[in-house]
Amino acid sequence: LDEQTYAKLIQRQCDNGIDAVCPVGTTGESATLTHDEHKRCIEIAVEVTKNTSTKVLAGAGSNSTAEAIEIAKHAQKCGVDALFSVTPYYNKPSQEGLYQHYKSIADAVPEIGVMVYNVPGRDKEKRQKQEKTTKKGKKAKSR
């Protein structure tokens with residue numbers, strides 16, 4: 001992990017008015033990092049954006065609910081503004097399994113929001129047009 005270059009890339013985004021950075025999502029780096037590197041990327045993003053208006057939405061996705069919770073708790077402790085978590089794509093859980101996975105993550109980090117997202121080519125359910133219950137008990141439609 002080239003921490004110095006990573007921090008410079010985030011700083012460049014902040015300097016150019018970006019609203020948010022999203023470290024360790026699924027579009028590349030998270031699959032190739034160790035868990036410690038994943039956590040360090042979140043730490044660096046929070047450090048670099050500290051005195052800016054740029055928000056940090058940290059990736060906390062995993063096929064393992066326990067690992068996703070561990071990352072989510074670390075991200076909350078670091079001071080991220082919110083989390084995003086991808087649908088587990090290798091084990092392809094049922095709708096109830098998905099609900100329990102996300103509910104467990106949200107319950108573990110009650111101070112911050114959790115954004116659910118999927119990768120349609122990897123998700124079993126392919127964004128069904130059904131109502132889903134969010135963390136706060138409100139109904140939200142899948143788009």
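Residues numbered from 1 in each chain as written. Predicted model: local features only at pLDDT ≥ 70, side-chain atom pairs only at ≥ 80, totals over all residues. Heavy atoms only, no water.

The backbone of Val 24 shows a phi angle near 55°, a positive value even though the residue is not glycine. Within the fold, Val 24 resides in the loop between strand 1 (20-21) and helix 2 (35-49). (Helix = DSSP H or I, 4+ residues; strand = E, 2+ residues; numbered from the N terminus.)

The next subject is helix 4 (residues 95-108). Relative to the 20 Å expected for 14 residues at 1.5 Å per residue, helix 4 spans 20 Å between its end C-alpha atoms, a close match to the ideal helical length. Buried within helix 4 are the following residues: Leu 98, His 101, Tyr 102, Ile 105 and Ala 106. Down the axis of helix 4, the smallest arc covering the buried residues is 125°, so these residues share one side. Looking at the packing, one finds that the buried side of helix 4 touches helix 3 (65-78), strand 3 (82-86) and strand 4 (113-117). (Expected span 1.5 Å × (residues − 1). Buried < 20%, exposed > 50% of the residue type's maximum accessible area, 1.4 Å probe, protein only. Arc of directions from axis to C-beta. Contact = heavy atoms within 4.5 Å.)

Turning our eyes to something else, we now look at the environment of Gly 59. With respect to the secondary-structure elements, Gly 59 resides in strand 2 (residues 55-59). Its relative accessible area of 2% is what places Gly 59 among the buried residues. C-alpha separation for the pair Gly 59 and Pro 23, spaced 36 residues apart in sequence, amounts to 6.1 Å.

If you look at the biggest cluster of nonpolar residues, it comprises 26 residues, and the most contacted ones within it are Ile 10, Ile 42, Val 80 and Leu 83. The set of elements that each furnish at least two residues to this core consists of helix 1 (3-15), helix 2, strand 2, helix 3 and helix 4. Of the residues forming this core, the biggest block, six residues, is contributed by helix 2. Among residues more than four places away in sequence, those in contact with Val 80 are Ile 42, Val 46, Val 56, Ala 58, Ala 75 and Ile 112. (Core = buried A, V, L, I, M, F, W, Y, C linked by side-chain atoms within 4.5 Å.)

Using the criterion set out here, one finds five salt bridges in the structure. Two residues, Glu 70 and Lys 39, come together in a salt bridge whose shortest N-O distance is 2.6 Å. Taken together, the positions of Glu 70 in helix 3 and Lys 39 in helix 2 put the pair 31 residues apart, joining distant regions of the chain. Owing to a relative accessible area of 40%, Glu 70 belongs among the partly exposed residues under this scheme. In this structure, Glu 47 and Arg 40 form a salt bridge, with 3.2 Å as the shortest nitrogen-oxygen distance. According to the relative accessible area criterion, Glu 47 is partly exposed, its value standing at 48%. A relative accessible area of 22% means that Arg 40 is categorised as partly exposed. Salt bridges here are not isolated pairs; linked through shared partners, they connect Glu 3, Arg 40, Glu 43 and Glu 47. (Salt bridge = Lys/Arg side-chain N within 4 Å of Asp/Glu carboxyl O.)

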